[in-house]
Number of protein chains: 2
Amino acid sequence: MSATVSPLAPKTFASLPALRGVRMATASAGIKYKNRTDVLMMVFDAPASVAGVFTKSKCPSAPVDFCRTNLPHGTARAVVVNSGNANAFTGMKGRAATELTAKSASAAVGCSENEIFLASTGVIGEPLDATKFAGVLDAMQADATGDFWFEAAKAIMTTDTYPKVATRTAEIGGVKVTINGIAKGAGMIAPDMATMLSFVVTDADIASPVLQSLLSAGVEPSFNSMTVDSDTSTSDTLMLFATGAASGDGQARITSEQDPQLVSFRAALNDLLKDLAIQVARDGEGATKMLEITVTGAESDAAAKTIALSIANSPLVKTAAAGEDANWGRIVMAVGKAGEMADRDKLAIWFGDVRVAVNGERDAGYSEDAATAVMKKQDIPVKVDLGLGSGKATVWTCDLTKEYVAINGDYRS
Amino acid sequence: MSATVSPLAPKTFASLPALRGVRMATASAGIKYKNRTDVLMMVFDAPASVAGVFTKSKCPSAPVDFCRTNLPHGTARAVVVNSGNANAFTGMKGRAATELTAKSASAAVGCSENEIFLASTGVIGEPLDATKFAGVLDAMQADATGDFWFEAAKAIMTTDTYPKVATRTAEIGGVKVTINGIAKGAGMIAPDMATMLSFVVTDADIASPVLQSLLSAGVEPSFNSMTVDSDTSTSDTLMLFATGAASGDGQARITSEQDPQLVSFRAALNDLLKDLAIQVARDGEGATKMLEITVTGAESDAAAKTIALSIANSPLVKTAAAGEDANWGRIVMAVGKAGEMADRDKLAIWFGDVRVAVNGERDAGYSEDAATAVMKKQDIPVKVDLGLGSGKATVWTCDLTKEYVAINGDYRS
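Each chain has its residues counted from 1, following the order in which its sequence is written. Just so you know, chain letters begin at A and ligand numbers begin at 1, following the order they were written in. Residue-level local features of this predicted model are given only where pLDDT is at least 70; pairs of side-chain atoms are given and counted only at 80 or more, and the full residue set underlies all totals for whole chains, interfaces and linings.

Asks: How would you summarise the overall build of chain A if you had to cite specific residues and measurements?
Replies: Put simply, DSSP H or I for four residues or longer makes a helix, DSSP E for two residues or longer makes a strand, and each gets a number counted from the N terminus. On a plain count of helices and strands, chain A comes out with 11 helices and 15 strands. Against the globule reference of 22 Å for 413 residues, chain A gives a C-alpha radius of gyration of 22 Å, in line with a compact fold. For chain A, the spread of C-alpha atoms along the principal axes amounts to about 70 × 50 × 35 Å. As defined in this context, the radius of gyration uses C-alpha atoms, and a globule is described by 2.2 Å times the residue total to the power 0.38.

In structure tokens form, the structure reads like this:
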């Protein structure tokens, strides 16, 4: 946790209501430091439906492997999350640590080990001493409470400068349901799965396969459209749980992703995921500016996204943003290097509402002052139109500052 | 040009001999600033053979387009290079500027416009006033001299902190030939064509198609294996000229790329290209460390190179290097995100001779002190063995420092 809160932090935090069927507790297990909250336990009173998406890294952490194995089982009773150690690239020791943690958690909750889900973030390559969990999980399960979302979000922070929380309501068949979500992440943030960690819970009654379908679709325009530094984590984990408590209000269980009753829920979920994803981008390590990059007129949506990410990940674009420099030539460079079809002489570029280039050259009405005025804002919309087709995409990123270098030049010490 | 020379600069510069058949001159044309050397002219007394490789950007500069058009003609009489303005993304004005420059140069030299080659670097998107060349090219052609390589290298610098020069000798059929090369570049440096600008000249007598074949092959393990910031320029240009003057010593013209007499020349050329490429990486903006990243045991050489570049372009790897932090977990991360086949549990990683990880976990004999000692050096060899196949590749990069952010956060002012 940084001493300085990101200038892009929300002015106020959403107040997350307790959500029927889920309780949480935090503890200090001494994973890396003494007397620092480093474990979060989320307990579902009854088996909850579960869905997850994970890092595409070829070197995933042991907890990611563990969750992938348990996911097909389809129910969750508890989630154990720790900071300070990613339990990644820890070989056989890593697998042993996840097994021991699951064993401790299942004993505490009174459930099967395949109803436990795990997530760890922190240093890669350090063996995780899972015996430390054994001493705290029983008490956590006993003390867990529903009105604990903000504390939970704080507990999973590492280099984050503020907790990420969001809540939405929706209705399914006339019954009101709630969705709460928390996320962490500030660096090593890139598609695909730019989340580091995020846990979303609803009291709706929705079967696991439907949840998975909703989550897999919802992640694409949210967490998978956000990048801080182009570095994909070995630990990225986004999970969605449904406690089903709304069935007590008469909500009929949803078992098909085609169910028209999902319209409101799907919209609310997607909105919440986007909210959390943008909160992560706004807490990008060292960030002082937020860039929303929209590419239109591409050959396809996929091409538009590739180009948008080429812009969003360009160190030269990001340092220009940090310097409040309306250096649109670097946008041209990033479009050109993306590898997707582009016609230089059809390209148009805007900073905010200021069109700086059109038809492959500087706009005749270009005003450096007007463009610079946009760059001086905290939130900078960048738009590129390729003039080729109807493909479009929007991605979010932050600027690249000296502070990013400082944070990451001495992270482990 | 920066006030501070890169700590990675060569201690001494190669002394480049005059090379028969080529003369150079520099001038101050006031392209961007007054009284600053900003134009280099290279004149070939007789038509020289010519080869070139250029940026793969979809938004190339007007001079790149111009060179591509002239290259099939196969002979060169002059090269005009300017700094201060890239003549990129300048639309019709850009094409008009290259045509006017070529006209002025061909008039000065007395040759066809399709024997002229052009290169420009500097700000993107500003129209280039080519009438400024008209006033200086006649005098430059008259004053051009052979013993001018170091001055030429200095003239094309922009954010470079030192000139890049290299020279080699070889023999073709028992006749000694010489190869001289200069390069510029410090930022916006990435494969493919990580060179920004480089001009290489030999007095050997080699036909253009053979030169092209030699250059296209030679660029792959040199300039195309080097990255500073993953940002590919719109202007990257590497050209190779052969004046043929060695024919006066009895060297028989080489007309086939299969000619066994090319062995010595090919080796010398490849060595020179690698030398220049590494000099560019060592002058990466803000660089304090040089990383040589070797990947072995990959499924193929191409896979090895993709993984090596994923490591070399990772902001987290590069900031760790800046912080002298032996953070090998970030190497694991970069291997994992590369998208190529990797088996976490077969991976081994070295910093210098210190093996830090093996079989998917920290080396049992790991010594933080030993690894840190490697990181404290200026030159840091990183080796990754994937344990899958026999594919291998080596790439070069520099660290990412606050100075990079400072240089690029306010480049245009």
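Back to the write-up after that little detour.
Asks: Break down the interface of chain B and chain A for me, citing the residues and quoting the values.
Replies: The interface of chain B with chain A comprises 53 residues on the first partner and 53 residues on the second. When the residues that make up the side of chain B that touches chain A are grouped by side-chain class, the tally is 20 nonpolar, 20 polar and 13 charged. Any two residues are considered in contact once their C-beta atoms, placed from the backbone, lie within 7 Å. Side-chain classes are defined by residue name, with Ala, Val, Leu, Ile, Met, Phe, Trp, Tyr, Cys and Pro counting as nonpolar, Asp, Glu, Lys and Arg as charged, and the others, Gly among them, as polar.

Asks: Give a detailed account of the relation of the copies chain B and chain A, specifying residues and quantitative values.
Replies: Rotating chain B by 180 degrees about the axis while translating it 0.0 Å along that axis superimposes it on chain A, leaving an RMSD of 0.0 Å. Here the two chains are linked by the operation of a two-fold rotation axis. Residue B:Lys402, judged by its C-alpha, is the member of chain B lying nearest the rotation axis, at 2.3 Å. When you check the interface residues of chain B against chain A, 100% turn up at the interface there too, and the contact is symmetric in its surfaces. Here the copies are superposed with least squares, the fitted atoms being C-alpha atoms of residues at a pLDDT of at least 70 in both.

Asks: Lay out the domain arrangement of chain A with the relevant residues and their values.
Replies: Residue and element names in this part refer to chain A. How far each domain reaches was decided by an automatic or database domain assignment. Per the domain assignment, the segments of chain A are domain 1 (22-282) and domain 2 (290-409). Put simply, the middle of domain 1 and the middle of domain 2, counted by C-alpha atoms, are 33 Å apart. Taken together, the contacts link 11 residues of domain 1 with 11 residues of domain 2. Taken together, the elements giving at least two residues each to the side of domain 1 that touches domain 2 come down to β8 (226-227) and α6 (263-282). The element that contributes the greatest number of residues to the side of domain 1 that touches domain 2 is α6, accounting for three residues. Across the side of domain 1 that touches domain 2, the residue classes break down as five nonpolar, five polar and one charged.

Asks: Describe in detail the environment of B:Ala105, supporting the description with residues and values.
Replies: Residue and element names in this part refer to chain B. When you line up the elements, Ala105 lands in helix α2 (residues 91-109). C-alpha of Ala105 to C-alpha of Ala78: the two residues are 27 residues apart in sequence and 7.3 Å apart in space. Setting aside its immediate chain neighbours within four residues, Ala105 contacts Ala78, Val80, Ile116 and Leu137.

Asks: An account of the confidence of the model for chain A is requested, with residue identities and associated values reported.
Replies: Residues and elements named next belong to chain A. For every residue, the pLDDT score states the predictor's confidence, bounded by 0 at the bottom and 100 at the top. Chain-level statistics for chain A give a pLDDT mean of 92 and a share of 96% at 70 or above. Confidence over residues 191-195 falls short of pLDDT 50; this stretch has 27 contacts with residues more than four positions distant or in other chains. Under the prediction, the complex receives an ipTM of 0.83, its pTM being 0.86.

Asks: Now, about the sheet that holds strand β13 (residues 361-362) of chain B: what can you tell me, with residues and values included?
Replies: Residue and element names in this part refer to chain B. Two strands form a pair only when DSSP identifies at least two bridges running between them. A sheet is described by the order of its strands in space; here seven strands give the open sequence β8-β15-β10-β14-β11-β12-β13, paired in mixed fashion. Of all the strands in the sheet, just β8 (226-227) and β13 have a single pairing partner and so form its edges. With two bridges joining them, β8 and strand β15 (residues 391-398) adopt parallel strand pairing. Looking across to β15, one finds that Met226 is bridged to Trp396.

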